[in-house]
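Secondary and tertiary structure notes
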Protein chains: 2
Amino acid sequence: MAKLGEEVSNKQIILRDYVSGFPKVSDMAFKTSTIRLQVPQGSKAVLFKNLYLSCDPYMRTRMKKHEFPNYVPPFTPGSVISGYGVAKVLDSGHPDFKEGDLVWGMTGWEEYSLITKPETLFKIQPTDVPLSYYTGILGMPGMSAYAGFYEVCSPKKGECVFVSAASGAVGQLVGQFAKLMGCYVVGSAGSNHKVELLKNKFGFDEAFNYKEENNLDAALKRYFPKGIDIYFENVGGKMLDAVLLNMKVHGRIAACGMISQYNLEQPEGVHNLVSVVFKRIRMQGFLVFDYFHLYPQFLDFIMKYIKEGKIVYVEDTVEGLENGPAALIGLFTGRNVGKQVVVVARE
Amino acid sequence: MAKLGEEVSNKQIILRDYVSGFPKVSDMAFKTSTIRLQVPQGSKAVLFKNLYLSCDPYMRTRMKKHEFPNYVPPFTPGSVISGYGVAKVLDSGHPDFKEGDLVWGMTGWEEYSLITKPETLFKIQPTDVPLSYYTGILGMPGMSAYAGFYEVCSPKKGECVFVSAASGAVGQLVGQFAKLMGCYVVGSAGSNHKVELLKNKFGFDEAFNYKEENNLDAALKRYFPKGIDIYFENVGGKMLDAVLLNMKVHGRIAACGMISQYNLEQPEGVHNLVSVVFKRIRMQGFLVFDYFHLYPQFLDFIMKYIKEGKIVYVEDTVEGLENGPAALIGLFTGRNVGKQVVVVARE
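Residues numbered from 1 in each chain as written. Chains lettered and ligands numbered in written order. Predicted model: local features only at pLDDT ≥ 70, side-chain atom pairs only at ≥ 80, totals over all residues. Heavy atoms only, no water.

Where an unreviewed UniProt entry is consulted, chain A appears under the name Enoyl reductase (ER) domain-containing protein, with the organism given as Tetracentron sinense. Recorded in UniProt under Subunit (unreviewed entry), the annotation for chain A is "Homodimer." Comment text from UniProt for chain A, heading Sequence similarities (unreviewed entry), reads "Belongs to the NADP-dependent oxidoreductase L4BD family." (UniProt positions renumbered as here; feature names shortened; annotations may be inferred.)

Take a look at the structure:
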């Protein structure tokens with residue numbers, strides 16, 4: 001156990017250069033640098049030990065230069081990548097943080113991070129739920145599912161809800177929220193194992209493996225003979241195109257992400273947008289950053305359901321920072337089953 | 001002048017068969033049938049003389065079998081086509097209508113129409129504005145512009161507004177509404193003459209001829225260096241794709257129509273939908289049918305501006321029912337300058 005003030009090695013994950021096309025493990029490098037385990041005198045920074053790191057699809061968009069204003073900026077080639085994670089305070093120059101505090105929020109993919117603006121981090125109050133949940137159900141993906149479903153989808157009891165990437169960090173929660181509201185819920189996923197999880201663990205009414213469907217339009221018509229009221233969009237591209245053909249009048253599409261498009265140099269064309277007009281569809285993109293003010297309310301809401309066992313959560317955990325790059329890239333091949341977490345240290 | 005009870009000839013426009021691809025004049029037929037100028041004994045129908053007929057882009061979608069539920073049904077091959085128009089009551093079996101009443105609403109493309117369910121028609125109160133305006137600024141297109149801009153776009157003073165097909169029946173009004181609200185407004189149209197109209201007649205801040213732009217993205221960046229808050233969508237396809245690249249964060253797209261796509265067997269692909277997520281764009285399709293309850297409020301609003309000369313309206317008029325098919329098809333080549341009206345009779 002390293003002591004305060006000591007200079008120790010600090011393993012890190014670096015982005016080598018901007019990535020085009022499908023990302024590879026070799027686009028990132030594993031590097032060992034050193035760090036003094038102490039906040040510099042007079043600084044208001046906080047020194048964290050990183051415990052759990054979150055692999056999220058949006059991180060792909062940070063691997064290239066992008067021109068989205070008011071969005072998370074790209075990573076810096078040659079520097080440590082960053083992402084959501086759970087961390088513990090080792091030393092603090094900031095009045096709001098003290099040694100031993102646990103937080104979740106944006107941190108570095110490294111063993112120790114010196115964070116100069118810790119105000120955006122969320123403090124974790126001690127509970128008996130797993131700490132890693134703050135990368136998922138209790139963190140950014142949980143808030144995304146909550147804001148996206150309740151604030152963007154305008155759901156009503158009895159409506160027909162379709163969720164893509166439904167066993168993922170966000171999708172598994174959206175489906176469970178929709179069931180709690182009394183909706184009919186169908187999910188799509190990329191393996192038969194995930195389909196089983198959706199039906200037997202998360203309580204979706206139906207689920208299908210999109211990779212085994214030649215005709216997504218036909219698949220959706222099978223599960224939604226009367227059409228879809230709400231589509232929770234995580235994938236984009238061909239699935240969105242098929243969904244547009246199957247939306248009901250006054251349907252809503254909450255666009256949380258479009259993972260199928262992130263690795264394409266030229267995104268797929270979506271051909272059926274004329275349905276947006278004739279069916280009066282509302283398609284609303286959203287980002288969790290705009291909803292973090294609802295976090296305390298969300299935490300009360302979700303903790304109650306977790307404790308009652310009415311909402312469950314599946315994580316896919318890899319051990320060791322050095323396995324982080326492969327875990328992150330696995331999101332894009334669908335290797336993960338449930339929320340992909342990287343364990344850097346268990347406290 | 002034909003007398004009540006007489007059997008007279010009734011010129012009609014018939015759809016020959018469902019149309020694929022670009023519609024032609026020969027897809028419609030001019031036919032002369034006969035009609036007795038009298039409502040059958042005991043019927044609650046109303047017999048109308050049609051005065052002005054409206055040519056609207058959505059009519060193309062009725063020329064093929066479509067599967068949009070809760071939308072205007074396709075025309076029936078071999079039968080008279082229908083559309084919005086202004087008509088005068090010749091004879092009435094319905095207590096709400098009497099001889100001489102003027103109405104606007106859905107009628108037949110023929111000289112005389114016997115309408116069995118006249119309840120959906122709007123009565124016209126005598127004013128000094130041209131009667132033909134009830135096919136445009138005071139009718140369905142006017143309501144579309146009003147509902148689309150004020151109800152769907154959530155406009156705010158000072159915002160940057162882009163309107164495509166901006167000199168059309170709806171676009172010319174949207175631009176004027178936006179100027180009245182203190183927005184910066186740019187329109188696109190398909191000829192230099194229309195561009196001049198936009199700038200000099202309708203008061204758009206800027207306008208451009210999309211046919212003379214090799215790169216729509218670059219054109220939009222020229223007029224919207226800081227991006228677009230509101231896009232009033234009338235065309236779809238390539239223009240929508242370029243707009244998505246230029247929307248601001250939290251921008252809104254009101255999708256009123258997508259005329260560029262109606263004649264394509266395979267609609268163009270729209271590639272930049274990932275912007276919907278990262279910029280938190282709301283894209284909302286709407287149809288005027290859902291807003292007709294606002295018509296009385298709209299009429300008060302618009303009449304005041306017309307009388308004060310603060311809103312102007314440009315119509316493109318052809319004389320004679322027999323010229324209706326060419327006028328209708330001209331919408332898709334942009335032949336019309338302003339609202340396309342067909343004069344069947346002037347009272």
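Still more ground to cover, so stick around.
**Observations regarding the overall build of chain A**
Check the secondary structure of chain A and you find 8 helices and 15 strands. Computed over its C-alpha atoms, the radius of gyration of chain A comes to 21 Å, within 12% of the 20 Å expected for a compact globule of 347 residues. Overall size of chain A, expressed as C-alpha extent along the three principal axes, is 65 × 45 × 35 Å. Within chain A, the proportion of its 347 residues that are buried is 63%. In chain A, once contacts between residues fewer than 6 apart in sequence are set aside, the share between residues at least 24 apart is 69%. By element, 50% of the accessible surface of chain A is carried by carbon and sulfur atoms, the whole surface being about 13,800 Å². Taken together, the 38 basic and 35 acidic charged side chains of chain A have centroids lying 3 Å from each other. (Helix = DSSP H or I, 4+ residues; strand = E, 2+ residues; numbered from the N terminus. Rg over C-alpha atoms; globule rule 2.2 N^0.38 Å. Buried < 20%, exposed > 50% of the residue type's maximum accessible area, 1.4 Å probe, protein only. Contact = heavy atoms within 4.5 Å. Areas by Shrake-Rupley, 256 points an atom, 1.4 Å probe, with all protein chains shown as cover. Lys, Arg positive; Asp, Glu negative; His and termini not counted. Charge placed at Lys NZ, Arg CZ, Asp CG, Glu CD.)

**Re the pairing of strand 14 (residues 315-319) of chain B**
Residues and elements named next belong to chain B. Side chains D316 and V318 of strand 14 all project onto a buried face; the interleaved residues E315, T317 and E319 project onto a face where none is buried. Pairing analysis gives 5 bridges linking strand 14 to strand 15 (residues 339-343), with the strands arranged parallel. For V318, the partnering residue across the bridge sits in strand 15 and is V342. A crossover links strand 14 with its parallel partner strand 15, the connecting element being helix 8 (residues 324-330), and its sense is right-handed. (Pairing = 2+ DSSP bridges. Right-handed = clockwise from strand over helix to strand, strands pointing away.)

**Description of the sheet that holds strand 8 (residues 160-163) of chain A**
Strand pairing in a sheet is mediated by backbone hydrogen bonds. Such pairs are either parallel or antiparallel. Taken together, 12 strands build an open sheet; the order of strands is 10(A)-9(A)-8(A)-11(A)-12(A)-13(A)-13(B)-12(B)-11(B)-8(B)-9(B)-10(B) and the sheet is mixed. Strands at the two margins of the open sheet, each flanked by one partner only, are strand 10 (206-209) of chain A together with strand 10 (206-209) of chain B. Taken pair by pair, the neighbouring strands of this sheet meet at an average axis angle of 15°, ignoring direction. Both strand 9 (residues 184-189) of chain B and strand 10 of chain B contribute to a ladder of 4 bridges, which runs parallel. (Axes fitted to C-alpha atoms, helices over the stretch in contact; angles between N-to-C directions.)

**A few points about the relation of the copies chain A and chain B**
Between the two copies, chain A and chain B, the superposition gives an RMSD of 0.0 Å; the rotation angle is 180° and the shift along the axis is 0.0 Å. The superposition of one copy onto the other is thereby described by a two-fold rotation axis. When C-alpha positions in chain A are compared against the rotation axis, the closest is assigned to A:G269, at 1.9 Å. Of the residues that chain A buries at the interface, 100% are likewise interface residues in chain B, meaning the two copies contact each other through the same surface. (Least-squares fit on C-alpha atoms with pLDDT ≥ 70 in both.)

**Points about the UniProt feature "domain: Enoyl reductase (ER)" (unreviewed entry) in chain A**
Taking the UniProt record as the reference, the feature "domain: Enoyl reductase (ER)" (unreviewed entry) is found at residues 46-342 of chain A. Taken end to end, residues 46-342 of chain A is 25% helix and 25% strand, and its first and last C-alpha atoms sit 22 Å apart.

**Concerning the interface of chain A and chain B**
Contact with chain A, which involves 35 residues of that partner, is made by 36 residues of chain B. At the boundary of chain A with chain B, total buried surface from both sides reaches about 3,300 Å², with 66% on carbon and sulfur atoms. At the boundary of chain A and chain B, one finds 2 salt bridges. Residues A:R280 and B:D290 are paired through a salt bridge, measuring 2.8 Å at the closest nitrogen-oxygen approach. (Buried area = accessible area lost by both parts, 1.4 Å probe. Salt bridge = Lys/Arg side-chain N within 4 Å of Asp/Glu carboxyl O.)

**Focus: the domain arrangement of chain A**
Residue and element names in this part refer to chain A. By domain assignment, chain A separates into domain 1 (7-136 + 313-343) and domain 2 (140-289). Computed over C-alpha atoms only, the centres of domain 1 and domain 2 are separated by 28 Å. Counting residues at the interface gives 26 residues for domain 1, matched by 20 residues for domain 2. When the two sides are added together, the surface that domain 1 and domain 2 hide from each other amounts to roughly 1,800 Å², 64% of it contributed by carbon and sulfur. Our count for the contact surface shared by domain 1 and domain 2 stands at 7 residue pairs in polar contact (both at pLDDT 80 or more). (Domains from an automatic or database assignment. Polar contact = N/O pair within 3.5 Å; in protein donor to acceptor, adjacent residues only side chain to side chain.)

**A short note on empty space enclosed by the protein**
Taken as a whole and judged by the stated rule, the model has 2 cavities of 30 Å³ or more. Reported here for the largest cavity is a volume of approximately 60 Å³. If you trace the largest cavity, you find it lined by A:V270, A:H271, A:L273, A:V274, B:G237, B:M258, B:Q261, B:P267, B:E268 and B:V270. The residue inventory of the lining of the largest cavity, partitioned by class, reads 6 nonpolar, 3 polar and 1 charged. There is about 50 Å³ of room inside the second largest cavity. Lining the second largest cavity we find 13 residues, and of these A:Q261, A:E268, A:V270, B:H271 and B:L273 sit closest to its centre. Per-class residue counts for the lining of the second largest cavity are 7 nonpolar, 5 polar and 1 charged. (1 Å grid on protein atoms, 1.4 Å probe; cavity = no way out; pocket = protein on both sides within 12 Å on 5 of 7 lines; lining within 4 Å. Points joined across faces, edges and corners; volume = space filled by probe spheres on them. Nonpolar A, V, L, I, M, F, W, Y, C, P; charged D, E, K, R; others polar.)

**Some details on the side chain of A:D229**
Here A:D229 lies in strand 11 (residues 228-233). At 3.2 Å, the side chain of A:D229 forms a polar contact with the side chain of A:K248.

**Digging into helix 7 (residues 295-307) of chain A**
Residues and elements named next belong to chain A. The end-to-end C-alpha distance of helix 7 is 18 Å, a good match for the 18 Å that 13 residues give at a rise of 1.5 Å each. Taken together, the buried positions of helix 7 are occupied by Y295, F298, I302, M303, Y305 and I306. Relative to the axis of helix 7, the buried residues are bounded by an arc of 165° and lie together on one face. The outward face of helix 7, more than 90 degrees from its buried face, is lined by the exposed residues P296, D300 and K307. Residues of helix 7 that are buried sit in contact with strand 5 (102-108), strand 7 (122-123), helix 1 (140-152) and helix 2 (171-180). G309, located one to two residues past helix 7, shows a positive phi value of around 75°. (Expected span 1.5 Å × (residues − 1). Arc of directions from axis to C-beta.)

**A closer look at the packing of aromatic side chains**
Summed over all chains, the structure comprises 61 aromatic pairs over all chains. Aromatic pair A:F232 and A:F286: ring centres 6.0 Å apart, planes at 70°, arrangement edge-to-face. Linking A:F232 in strand 11 with A:F286 in the loop between strand 13 (282-285) and helix 7, this pair joins segments that are 54 residues apart in sequence. You can call A:F232 buried: its relative accessible area is 0%. For the pair B:Y150 and B:F301, a centre-to-centre distance of 5.5 Å together with 75° between the ring planes defines the contact as edge-to-face. In this pair, B:Y150 sits in helix 1 (residues 140-152) while B:F301 sits in helix 7 (residues 295-307), placing the two residues 151 residues apart along the sequence. Residue B:Y150 is classed as partly exposed on the basis of its relative accessible area of 24%. Over the ring of A:Y305 we find A:K304; its NZ or CZ atom is 4.4 Å from the centre of that ring. (Phe/Tyr/Trp six-rings, centres within 6.5 Å; stacked < 30°, edge-to-face > 60°. Lys NZ or Arg CZ within 6 Å of the ring centre and 35° of its normal.)

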